[in-house]
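If you want the building blocks of each chain, they are given just below.
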Amino acid sequence: MRDKIVVVTGGSGVLGYAVAEAALAAGAYVALPGREETSKLAKQDRLLVLGGVDLTDFAAVTKAFEAVVARFGKIDGLANIAGGFRWQTLAEGDLSGWTDQFKMNLLTAVTATKAALPYLRASQGAIVNVGSAPAKKAGSGMGAYAASKAGVLRLTESLAEEEKLAGVRVNAVLPTIIDTPRNRADMPKADFSRWVKPEDIAKTILFLLSGDAKAITGAEILIAGRT
Ligand SMILES: NC(=O)c1ccc[n+]([C@@H]2O[C@H](COP(=O)([O-])OP(=O)(O)OC[C@H]3O[C@@H](n4cnc5c(N)ncnc54)[C@H](OP(=O)(O)O)[C@@H]3O)[C@@H](O)[C@H]2O)c1
């Protein structure tokens, strides 16, 4: 990943941070478009934090990607990590939960991808989307979340086909439960050692963005740890 330019969405979150940290350690330049104006990562020339960006706002996202190219000259990779989880049953939950999950998980990825595509075509770059295991089979209370993440997988599949000849690769990872402070607080009795570490998912994402994965597009990789 040395000297590759990588855009990471969701950089203020747990997995986004891990991916940005790993990309910087691998010698990449990293841009973090998002709502947060600052990052917990150490300030450095290779890091560009683009705050005040709602990833569902195409005009704002387009401007952010223009700023990345103005600073670093090109974009080689996009990691669509922004997203989130709300548990609610259909009977007890409200309908806005469905539009919220759609916006948070699918529209953020669609918007960032559309804004990045011209640059990724120019660099023959790659995209990695973050789906989720329930995108394949939803459990109770996961309808809206699973439907929105299933949308991320359908985006991955259709775009991989659309961009094959243009040379842009598109893959997805599907984590089960990530070892995050929020999950630990929500499930205090669970065996945390069985959960997937953010750093391990980051390694897979960086591999899929790298030239070592040049033969892989349209793949959806389950990352389950020992869950
Ligand atoms: N945690 C898990 O167990 C798990 C399991 C499977 C899949 N995943 C998926 O993995 C990804 C990362 O999870 P995580 O646990 O690291 O989540 P997290 O810590 O809650 O971080 C989510 C990130 O998404 C950003 N975001 C959401 N909507 C946005 C919007 N409209 N505009 C800009 N930024 C937005 C958040 O920004 P703000 O800080 O501004 O809110 C934050 O940076 C998500 O897609 C999640 O669905 C997580």
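What you see is a predicted model; the values in this text were computed from it and never measured. Sequence order sets the numbering: in each chain, residues are counted from 1 along the sequence as written. Thresholds applied to this predicted model are a pLDDT of at least 70 for local features of residues and 80 or more for the giving and counting of side-chain atom pairs; totals over whole chains, interfaces and linings are not thresholded and use all residues. Note that water and hydrogens are dropped before the side-chain values are worked out from all heavy atoms of the structure.

Draft legend 1. View of the site of the ligand. Around the ligand sit 28 residues, and of these Ser12, Leu15, Ile81, Lys149 and Asn183 come closest. Within 3.5 Å is the distance limit for a polar contact, defined as a pair of N or O atoms, with the added protein rule that one can donate a hydrogen and the other accept it, and that residues adjacent in sequence qualify only through two side-chain atoms. Taking Gly10, its main chain carries an N or O atom lying 3.4 Å from an oxygen atom of the ligand. At 3.1 Å, a backbone N or O of Gly13 approaches an oxygen atom of the ligand. Only the protein chains shown count as cover for residues, with accessible areas throughout obtained via the Shrake-Rupley method and a probe of 1.4 Å. Across the complex, the protein chains shield 82% of the 900 Å² of accessible surface that the ligand would expose by itself. With a 1 Å grid spanning the protein atoms alone, the term cavity applies to any set of points in which a 1.4 Å probe fits but cannot get out, the term pocket to an open set with protein on both sides within 12 Å along at least five of seven lines, and the term lining residue to any residue with an atom within 4 Å of a point. Grid points define the cavity or pocket, and a molecule sits in it when more than half of its atoms lie within 2 Å of them. In this structure, the ligand is accommodated by the largest pocket. Where the shell around the ligand is concerned, the elements lending two or more residues are α1 (14-25), α3 (96-123) and α4 (143-163). Each helix is a run of DSSP H or I of at least 4 residues and each strand a run of E of at least 2, with the numbering of both proceeding from the N terminus. The element contributing the most residues to the shell around the ligand is α3, with three residues. Here the residues of the shell around the ligand sort into twelve nonpolar, 13 polar and three charged. Being near a molecule or strand, for a residue, comes down to having at least one heavy atom within 4 Å of it. Amino acids outside the nonpolar list (Ala, Val, Leu, Ile, Met, Phe, Trp, Tyr, Cys, Pro) and the charged list (Asp, Glu, Lys, Arg) are all regarded as polar, and Gly is one of them.

Draft legend 2. Representation of the packing of helix α2 (residues 58-72) against α3. The contact between α2 and α3 brings their axes to 9 Å, and the two run at 35°. Two packed elements cross with a definite hand, and for α2 against α3 that hand is right-handed. Within the contact between the two elements, α2 uses Phe58, Val61, Thr62, Phe65, Glu66 and Val69 and α3 uses Thr111, Ala112, Lys114, Ala115, Ala116 and Tyr119. Classifying every residue of the contact of α2 with α3 gives eight nonpolar, two polar and two charged. To define axes, lines are fitted to C-alpha atoms, for helices over the stretch in contact only, and angles between the resulting N-to-C directions are given on a 0 to 180 degree scale. Two helices that cross are described as forming a left-handed crossing if the nearer one is turned anticlockwise from the farther one by less than a right angle, and a right-handed crossing if clockwise. Contacts are assigned to residue pairs with any non-hydrogen atoms lying within 4.5 Å of each other.

Draft legend 3. Here's a closer look at the layout of surface pockets. Grid points are joined across faces, edges and corners, and a volume is the space filled by probe spheres set on the points. Considering only enclosed or pocket space, the largest pocket measures out at about 1,300 Å³ in volume. Surrounding the largest pocket, 48 residues form its lining, Ile81, Gly83, Gly84, Phe85 and Arg182 being those nearest its centre. Sorting the residues of the lining of the largest pocket by element identifies α1, β2 (29-33), α3, α4 and α5 (181-186) as the ones contributing at least two each.

Draft legend 4. Representation of the environment of Leu159. Mapping Leu159 onto the fold places it in helix α4. Relative accessible area serves as the criterion here: at 6%, Leu159 is assigned to the buried category. Taking the C-alpha atoms as reference, Leu159 lies 13 Å from Ala112; in sequence the two are 47 residues apart. Discounting residues that sit within four places of it in the chain, Leu159 has contacts with Thr113, Leu117, Ile127 and Val170. Three labels apply to residues, based on accessible area from a 1.4 Å probe with only protein chains included: buried if under 20% of the type maximum, exposed if over 50%, partly exposed otherwise in between.

Honestly, it's all geometry; don't read function into it.
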